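# Fold and geometry: a report
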Amino acid sequence: MERHLYTVAQLRAIEQAAYAGLAPGTLMQRAGKAASDFALELLGDRRDRPVLVLAGPGNNGGDALEAAANLADAGVDATVLHLPGRRDASTETAAAYERARAGSVGWIDMLPPGAEWGLVIDGLFGIGLERPVDGDYREVVVGLETIRCPILALDVPSGLDADTGAVIGPDGIAVRATHTITFLGDKPGLHTADGRDHAGQVRVDMLGVGSEALPRATAQLSGLPLFAGRFTARRHNTHKGSFGDVAIIGGAHGMAGAPVLSARGALYAGAGRVYVAALNTPPGYDSSQPEIMFRAAEDFDFFGRTLVIGPGMGDSASAIRLLARALDSDSPLVIDADALNLIGASPDLQSRLAQRTAPAVLTPHPLEGARLLGMTAAVVQSDRLEAAREMALRTNATVILKGSGTVIARPDGEVLINPTGNAGLATAGSGDVLAGICGALLAQGWTGWEAAAAATWIHGAAADTLVDEGVGPIGMTAGELPAAVRKVLNRLVKDAASR
Ligand SMILES: NC(=O)C1=CN([C@@H]2O[C@H](COP(=O)(O)OP(=O)(O)OC[C@H]3O[C@@H](n4cnc5c(N)ncnc54)[C@H](O)[C@@H]3O)[C@@H](O)[C@H]2O)[C@@H](O)CC1
Ligand SMILES: Nc1ncnc2c1ncn2[C@@H]1O[C@H](COP(=O)(O)OP(=O)(O)O)[C@@H](O)[C@H]1O
Ligand SMILES: [K+]
């Protein structure tokens, strides 16, 4: 249940249904209690430090007022910066205000410059945000940028769109929280686009609402339960043919490195045999990875092989011919980089792709995705889930829309958001490695959906391991990923065996 991600429309329905069976104010009191408990946990043994509580005009502000009253009752020095707006508050929020007023909470109406806080609680706006944060609200959010203490956002960091993870407005601003406690179900916007930077660590509190009251979520956070069953120990009586052939098709003149990175990704993710089918005259061998076999792409037989097409492939007539041949083949296919751009520009290639029956996984970054959809990258980024769904529907393929909080979509509209990975991956070639890992999993018999979900998760987890070891995020290179991927994979298999 905690993996499920709900839209604002779904959350409103959950909220209404829950409301009907409870005394007025119950949900807000529960939200306030969950928030103050988390705040006390974050303060730890620094409970003597003052806490600033930002309370906005709506029910998110009501949650904040409940939390402030609870903290004051617990002996914490809690100060509320109250920005109630012009509309009347809801009955619950008005009650929360009265409660906070009656207690020992302090009140201010602007951020005192230079004040130091042990914790800030952001209850300006939640899922009711209607427009960019401006005026006094904006001033407060700007003021928070210089405050050095944990910031706990209630429900959603104020200014962030809970559905998309985009900061609202062309020149928008949103609170950058270190932690978010989110109510009645997790939200996609906390995990993709700007979401990861603004939400920090996310905790979900269902406010006592049981899973029977929840609608079916079409989005969820990706994670091991979705594919852990695939991690089985290798049998002894196997050979290289048991683990599939992967061929990377790419490497036009001057771009020979890209398919080699994909090939290493495939090799370290367990493919039995790995080829680079190069468009340009292939090198004899790769001295640092002599296991990779090089062939000329035009003469290469695709039959019985999993293909990763696109890395460093260019847009020559030969590239287009090879792509058409790959699309028409029965081989499982990962389509990356230049191959995506070629498909975006050709209705003929688009229809060949849509007619395939063997698995196809597309791995666009936002600009490649924009070319596929005939829009700008900014529009793709403004709603990554919708863009990925649209691409999957149009191409009849599994789509991995890369970037912070990679979105994986399939044609029936189901989406996953990947929680692993970090900005160390923002370096040339890391996408090539991802395509190779995905190819290796397809070659080992995984479905497109499982391969896409697991490849993305493992790729991100490998990067997280490297950061833990001090190898990044700054200066992490794509070439360092494959060995880390191998470690992650073997650990997963070992963990699965010991369960
Ligand atoms: N209604 C319920 O049953 C519950 C609601 N909860 C909280 O209530 C929140 C939703 O409450 P609301 O629907 O009142 O929405 P919000 O509290 O997010 O904000 C809506 C209010 O802010 C104003 N507003 C929106 N954008 C603005 C902007 N950019 N500048 C200035 N004013 C702006 C609106 O006119 C409205 O008055 C949730 O996020 C959650 O925190 C929780 O207490 C749980 C239960
Ligand atoms: N800031 C980031 N946080 C998490 N993952 C990232 C970030 N930046 C890039 N990535 C990941 O790194 C990879 C980059 O792929 P891509 O843009 O195709 O690069 P290239 O074509 O150079 O290999 C993708 O898997 C993407 O999701
Ligand atoms: K908030």
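See above for the structure.
All of the points below concern the structure found in this document. (Residues numbered from 1 in each chain as written. Chains lettered and ligands numbered in written order. Predicted model: local features only at pLDDT ≥ 70, side-chain atom pairs only at ≥ 80, totals over all residues. Heavy atoms only, no water.)

## Quick look at the overall build of the protein chain
Heads up, the rule is: To qualify as a helix, a DSSP run of H or I must reach at least 4 residues; to qualify as a strand, a run of E must reach at least 2; elements of each kind are numbered from the N terminus. Radius of gyration: over C-alpha atoms. The globule rule applied is 2.2 Å multiplied by the number of residues raised to the 0.38 power. Categorising residues by exposure relies on relative accessible area from a 1.4 Å probe, with only protein chains included: less than 20% of the type maximum marks a residue as buried, more than 50% marks it as exposed, and the intermediate range marks it as partly exposed.
When its secondary structure is counted, the protein chain shows 16 helices and 18 strands. Against the compact-globule benchmark of 23 Å for 499 residues, the protein chain has a radius of gyration of 25 Å, which places it among compact chains. Seen through its C-alpha atoms, the protein chain measures out along the principal axes to roughly 80 × 45 × 45 Å. Each of the 499 residues in the protein chain was classed as buried or not, and the buried ones make up 55%.

## Topic: the site of ligand 1
Let me state the cut-off plainly: Neighbouring residues are identified by heavy atoms, a residue being near a molecule or strand if any of them is within 4 Å of it. Here a polar contact is recorded for every N or O atom pair within 3.5 Å, except that within protein the pair must consist of a potential hydrogen donor and a potential acceptor, and residues adjacent in sequence are included only if both atoms are side-chain atoms. Per-residue and other accessible areas follow the Shrake-Rupley method at a 1.4 Å probe size, with only the shown protein chains counted as cover for residues. Three categories are distinguished: nonpolar for Ala, Val, Leu, Ile, Met, Phe, Trp, Tyr, Cys and Pro, charged for Asp, Glu, Lys and Arg, and polar for the others, with Gly belonging to the last.
Residues in contact with ligand 1 amount to 22 residues; listed here are only the nearest, Asn59, Asn60, Asp63, Gly126 and Asp155. A distance of 2.6 Å separates an oxygen atom of ligand 1 from a polar atom in the backbone of Gly126. For ligand 1, the accessible surface in isolation is 870 Å², of which the surrounding protein chains cover 90%. Split by residue class, the shell around ligand 1 holds 10 nonpolar, 5 polar and 7 charged.

## With respect to the site of ligand 2
Close to ligand 2 lie 16 residues; Lys402, Gly403, Gly429, Ser430 and Gly431 are nearest. Within the contact set of ligand 2, an oxygen atom lies 3.2 Å away from a backbone nitrogen or oxygen of Leu425. The side chain of Ser430 places a nitrogen or oxygen atom 3.1 Å from an oxygen atom of ligand 2. When ligand 2 sits alone it has 570 Å² of accessible area, and the protein chains cover 78% of it.

## With respect to the pattern of salt bridges
Oppositely charged side chains are able to pair whenever their charged atoms sit close together. For clarity, the cut-off: For salt bridges, the criterion is a side-chain nitrogen of Lys or Arg within 4 Å of an Asp or Glu carboxyl oxygen.
Applying the stated criterion across every chain yields a total of 21 salt bridges. A salt bridge links Asp37 to Lys33, with the nearest nitrogen and oxygen atoms 2.9 Å apart. Residue Asp37 and its partner Lys33 are located together in helix 2 (residues 26-43), separated by 4 residues, close to a single helical turn. A relative accessible area of 45% means that Lys33 is categorised as partly exposed. Residues participating in the shared-partner salt-bridge network are Glu66, Asp73 and Arg99.

## Some details on the coordination of the potassium ion (ligand 3)
Under the convention used in this document: With water excluded from the atoms, a metal site may look incomplete; its donors are any N, O or S atoms within 2.8 Å, or within 3.2 Å for Na, K and Ca. Under the classification used here, a metal with four donors is tetrahedral if each angle lies between 85 and 135 degrees, square planar if opposite donors are over 155 degrees apart and the others between 65 and 115, a six-donor metal meeting that same test is octahedral, and anything else is irregular.
Here the potassium ion (ligand 3) is held by the protein donor atoms Asn60 (OD1), Asp122 (O), Phe125 (O), Leu154 (O), Val156 (O) and Ser158 (OG), which lie 2.5 to 3.1 Å from it. In this structure, the potassium ion (ligand 3) is surrounded by 6 donor atoms whose angles at the metal cover 66 to 172 degrees, and the resulting shape is irregular. Look at where the donors of the potassium ion (ligand 3) fall in the sequence and you get N-x61-D-x2-F-x28-L-x1-V-x1-S. Linking Asp122 in strand 5 (residues 119-123) with Leu154 in strand 6 (residues 151-154), this pair joins segments that are 32 residues apart in sequence. A relative accessible area of 0% means that Leu154 is categorised as buried.

## A word on the packing of aromatic side chains
The following threshold applies: Pairing of aromatic side chains here covers Phe, Tyr and the six-membered ring of Trp, requires ring centres within 6.5 Å, and sorts the geometry by plane angle: under 30 degrees stacked, over 60 edge-to-face, intermediate tilted. Here, a charge over a ring means that NZ of Lys or CZ of Arg falls within 6 Å of the ring centre while also lying within 35 degrees of the ring normal.
Going through the model one piece at a time under the given rule, you end up with 7 aromatic pairs. Between Phe227 and Trp457 the ring centres are 6.3 Å apart and the planes differ by 65 degrees, which places this aromatic pair in the edge-to-face class. Note that Phe227 is positioned in the loop between strand 9 (219-221) and strand 10 (245-250) and Trp457 in helix 15 (residues 448-468), a separation of 230 residues in sequence. Its relative accessible area of 2% is what places Phe227 among the buried residues. The structure contains a cluster of three or more aromatic residues connected by ring pairs, namely Phe227, Phe231, Trp446 and Trp457. In this structure, Arg325 packs its charged tip against the face of Phe302, placed 4.1 Å from the ring centre.

## Re the nonpolar core
Put simply, the rule is: To form a nonpolar core, buried Ala, Val, Leu, Ile, Met, Phe, Trp, Tyr and Cys residues must be joined to one another through side-chain atoms within 4.5 Å. Two residues qualify as a contact provided that any one of their heavy atoms is within 4.5 Å of a heavy atom in the partner residue.
Formed by 53 residues in total, the largest nonpolar core has its most connected members in Phe231, Ile458 and Leu481. The set of elements that each furnish at least two residues to this core consists of strand 10, helix 7 (257-268), strand 11 (273-278), helix 14 (430-443), helix 15 and helix 16 (481-498). Among the elements that take part in this core, helix 15 stands out by supplying 12 residues, more than any other. Beyond its immediate stretch of four places on either side in the chain, Ile458 contacts Phe231, Val485, Val488, Leu489 and Leu492. Listed in part, the 52 residues of the second largest apolar core include Ile14, Val76, Val80 and Ala100.

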